[in-house]
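Analysis of the macromolecular model
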Amino acid sequence: MDLRTLRELVRQGEGDNLEFKLKSSHPEKIVREIVAFANSGGGKLLVGIGDDKTIKGLKYADEDEYILERAIQRLCTPEIPYRIERVPLTDEREVLVFHIHRSTDKPHAVLDESGKKKTYVRVKDRSVQASREMREIMKRTRRQRDIRFNYGEKEKKLMQLLDAQQSVTVDSFATSVGIPRNMASRTLILLVLANVLEVHPGEIRDQFTMAMA
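Attention in this report is confined to the structure presented alongside it. (Residues numbered from 1 in each chain as written. Predicted model: local features only at pLDDT ≥ 70, side-chain atom pairs only at ≥ 80, totals over all residues. Heavy atoms only, no water.)

Remarks on unusual backbone geometry
Formally: Runs of E in the DSSP output that reach at least two residues are strands. Runs of H or I that reach at least four are helices, and both are numbered from the N terminus. Exposed residues in this analysis have more than 50% of their type's maximum accessible area, buried residues have under 20%, and partly exposed residues fall in between, with area computed by a 1.4 Å probe over protein chains only.
Residues Thr77 and Pro78 are joined by a peptide bond in cis, for which omega reads -10 degrees. Cis geometry marks the peptide bond from Lys106 to Pro107, where omega comes out at 10 degrees. As for its position among the elements, Pro107 is in the loop between strand S5 (94-100) and strand S6 (109-111). In this model, Lys124 sits at a positive phi of 55 degrees, which is unusual for a non-glycine residue. Note on placement: Lys124 falls in the loop between strand S8 (120-123) and strand S9 (126-129). For Lys124, a relative accessible area of 63% puts it in the exposed group. Even without a glycine there, the phi angle at Asn195 is positive, about 65 degrees. Here Asn195 is to be found in the loop between helix H7 (181-193) and strand S11 (197-200). Assessed through its relative accessible area of 63%, Asn195 is described here as exposed.

Side note on the packing of aromatic side chains
Note on aromatic pairs: each is described by the distance of the centres and the angle between the planes. Our working rule: Note on aromatic contacts: the rings of Phe and Tyr and the six-membered ring of Trp form a pair at centre separations within 6.5 Å, being stacked when their planes are under 30 degrees apart, edge-to-face when over 60 apart, and tilted otherwise.
On inspection of all chains with the given rule, the structure shows one aromatic pair. Ring geometry for Tyr82 against Phe98: centres 5.9 Å apart, planes inclined by 35 degrees, an arrangement best described as tilted. With a gap of 16 residues between them, Tyr82 in strand S4 (residues 82-88) and Phe98 in strand S5 connect regions that are remote in the sequence. According to the relative accessible area criterion, Tyr82 is partly exposed, its value standing at 25%.

Structure below.
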């Protein structure tokens, strides 16, 4: 990537597939972004760029790259493949560009200070913790098995609900149909895996819609 391409990329601003970090002083937060990209549609992480789109670069890029690679190796599970590119700004400053592809080995997680695994997904310009439903969908998608389901009364009511309001959450489905939340969750997960529904992760709750034909 040359400097002109970098500037054009920065001009777009942060979004589903692009994140800026000014420096590597909080590597655990940067690892979250990498995990979220791998669990979602992939993306680019630019280190040396401010949130206000200022291209400041890193004076000691070797050191920053080492810190971040160590953090990725130590905190990501399972391992995430990525590629690092350097874009020189001047003789003394560079921007690090992490290229992360959409993973086929998800869900990936970050290990926190207590060793607990936390899974993140990308929602617009933020990386948010994945719901239980999202984690299960990612886990079962990896198995690539044919999914079968029975079209019963609750599925019929779900289709009527989606005709009326375009999208549902686990809670709204459970309340409207009068079934336990865990049953609503299992039903929605199964229908996403069967390509009947699509899931749209959110910061507060996931939305489920009919899959595009």
